[in-house]
Amino acid sequence: MANIVNGTDLRFYKAGTAIGEATSCQISFTMETRSALTKDNVGGFTRVEAGQRSATGSFQGLMAYDTTNESVSDLFTSYTNGEKFILRFTDDTNGHPYWEGTAMITQIDFEAGVEANAGYSGTFTFDGAVTLGTES
Amino acid sequence: MIIEILKAHGKWVPGDVVDVTRQTAAALSFTGVCRIHEDQTRRDYTPTPTEPQEPQQVTVNNYFLAPEQVQELEAEPKEKEIKRSFFNRKK
């Protein structure tokens, strides 16, 4: 039976430091398509070719001002400065894959409900290619 | 990888425990900023072994019967008396 990955292991590391008190994260890859339908290949279905690729990452967590990992203040500072950084999505285990690219924070939300944990969420947008590597 | 900060670095002060990539940990430890934390518990997902529990005796309550009726059900059944007739009489 295959070893199912525990989602707790996978984290975003912003410039090498984990996003603090994270509760979930997600990385998404999309690709636009180019229509390649011509009179020579008409068959009742659309024909496409690979187009522009893009990637984004989203993260959620609980707000803690004193976390030693990337705090909401660190994230906000990066957002304000338009900072680009190396972002890696990995479980940091030898032999396991990682996805890495240059990214910046394009959205950050803070939420605070009455008698509820304050939380944060946000979006990374990758600048350029995301590469697949193997932890070593 | 969990590291322990030894020297002030950025926002970190000595004693801080931080989760960084192994490459970052190697770079920081090379400069003496940190050391590998002895407790990598967050990364250890081996479940702690638990003692096997013996199956517990379960008493099922029949809520529809009064206790006396339950005792009647649990009592040993009486042996059926065989009616003697012409067909099963002892020889």
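Above this text you will find the structure in question.
This report concerns the structure included in the present document.

Parameters at a glance
Residues numbered from 1 in each chain as written. Chains lettered and ligands numbered in written order. Predicted model: local features only at pLDDT ≥ 70, side-chain atom pairs only at ≥ 80, totals over all residues. Heavy atoms only, no water. Helix = DSSP H or I, 4+ residues; strand = E, 2+ residues; numbered from the N terminus. Buried < 20%, exposed > 50% of the residue type's maximum accessible area, 1.4 Å probe, protein only. Contact = heavy atoms within 4.5 Å. Buried area = accessible area lost by both parts, 1.4 Å probe. Salt bridge = Lys/Arg side-chain N within 4 Å of Asp/Glu carboxyl O. Polar contact = N/O pair within 3.5 Å; in protein donor to acceptor, adjacent residues only side chain to side chain. Nonpolar A, V, L, I, M, F, W, Y, C, P; charged D, E, K, R; others polar. Arc of directions from axis to C-beta. Core = buried A, V, L, I, M, F, W, Y, C linked by side-chain atoms within 4.5 Å. Pairing = 2+ DSSP bridges. Axes fitted to C-alpha atoms, helices over the stretch in contact; angles between N-to-C directions.

1. Re the overall build of chain B
Along its length, chain B carries two helices and three strands. The helix and strand sequence of chain B, counted from the amino end, reads β-β-α-β-α. Put simply, chain B has 91 residues, and 19% of those count as buried.

2. Points about the interface of chain B and chain A
Every contact between the two is made by 15 residues of chain B and, on the other side, 22 residues of chain A. Both faces combined, the contact of chain B with chain A buries some 1,400 Å², and carbon together with sulfur accounts for 35% of it. One can count four salt bridges joining chain B with chain A. Linking A:Glu135 and B:Arg22 is a salt bridge whose minimum nitrogen-to-oxygen distance equals 3.1 Å. Taken together, the connections running from chain B to chain A amount to 15 residue pairs in polar contact (both at pLDDT 80 or more). The set of elements that each furnish at least two residues to the side of chain B that touches chain A consists of β2 (17-19) and α1 (22-30) of chain B. Class assignment for the residues of the side of chain B that touches chain A results in six nonpolar, three polar and six charged.

3. Topic: α1(B)
All names here are of chain B. Buried within α1 are the following residues: Arg22, Thr24, Ala25 and Leu28. The arc that holds every buried residue of α1, seen down its axis, measures 155 degrees, which confines them to one face. The elements touched by buried residues of α1 are β1 (2-5) and β3 (34-36). Where α1 terminates, the next one or two residues include glycine 32, which has phi positive at roughly 80 degrees.

4. What about the environment of B:Val13?
Residue and element names in this part refer to chain B. Along the chain, the position of valine 13 falls in the loop between β1 and β2. Exposure remark for valine 13: the relative accessible area of 44% places this residue in the partly exposed category. Linking valine 13 and aspartate 39, residues 26 residues apart in sequence, is a C-alpha distance of 19 Å.

5. Some thoughts on the nonpolar core
Core analysis: the biggest nonpolar cluster contains 16 residues, and A:Phe12, A:Ile19, A:Phe59, A:Leu75, A:Leu87 and A:Phe124 have the highest contact counts within it. In this structure, B:Ile5, B:Trp12, B:Val18 and B:Val33 belong to the second largest nonpolar core, which totals nine residues.

6. Re the sheet that holds β1(B)
All names here are of chain B. Strand order in the open sheet made by the three strands is β2-β1-β3, with antiparallel pairing throughout. A single partner strand is all that each edge strand has here, and the edge strands are β2 and β3. Sheet twist, expressed as the average angle between the axes of neighbouring strands with direction ignored, equals 35 degrees. For β1 and β2, the ladder comprises three bridges, and the chain directions are antiparallel. Residue pairing in the sheet places glutamate 4 in a bridge with valine 17 of β2. In this fold α1 packs onto β1 and β3, with an angle of close to 125 degrees to the strand it touches most, β3.

7. Observations concerning the environment of A:Glu21
Residues and elements named next belong to chain A. With respect to the helices and strands, glutamate 21 occurs in the loop between β2 (17-18) and β3 (22-35). We classify glutamate 21 as partly exposed; its relative accessible area is 42%. As a C-alpha pair, glutamate 21 and threonine 67 span 46 residues in sequence and 7.3 Å in three-dimensional space. Aside from chain neighbours lying at most four places away, what touches glutamate 21 is Arg11, Gly61, Leu62, Ala64, Thr67 and Tyr120.

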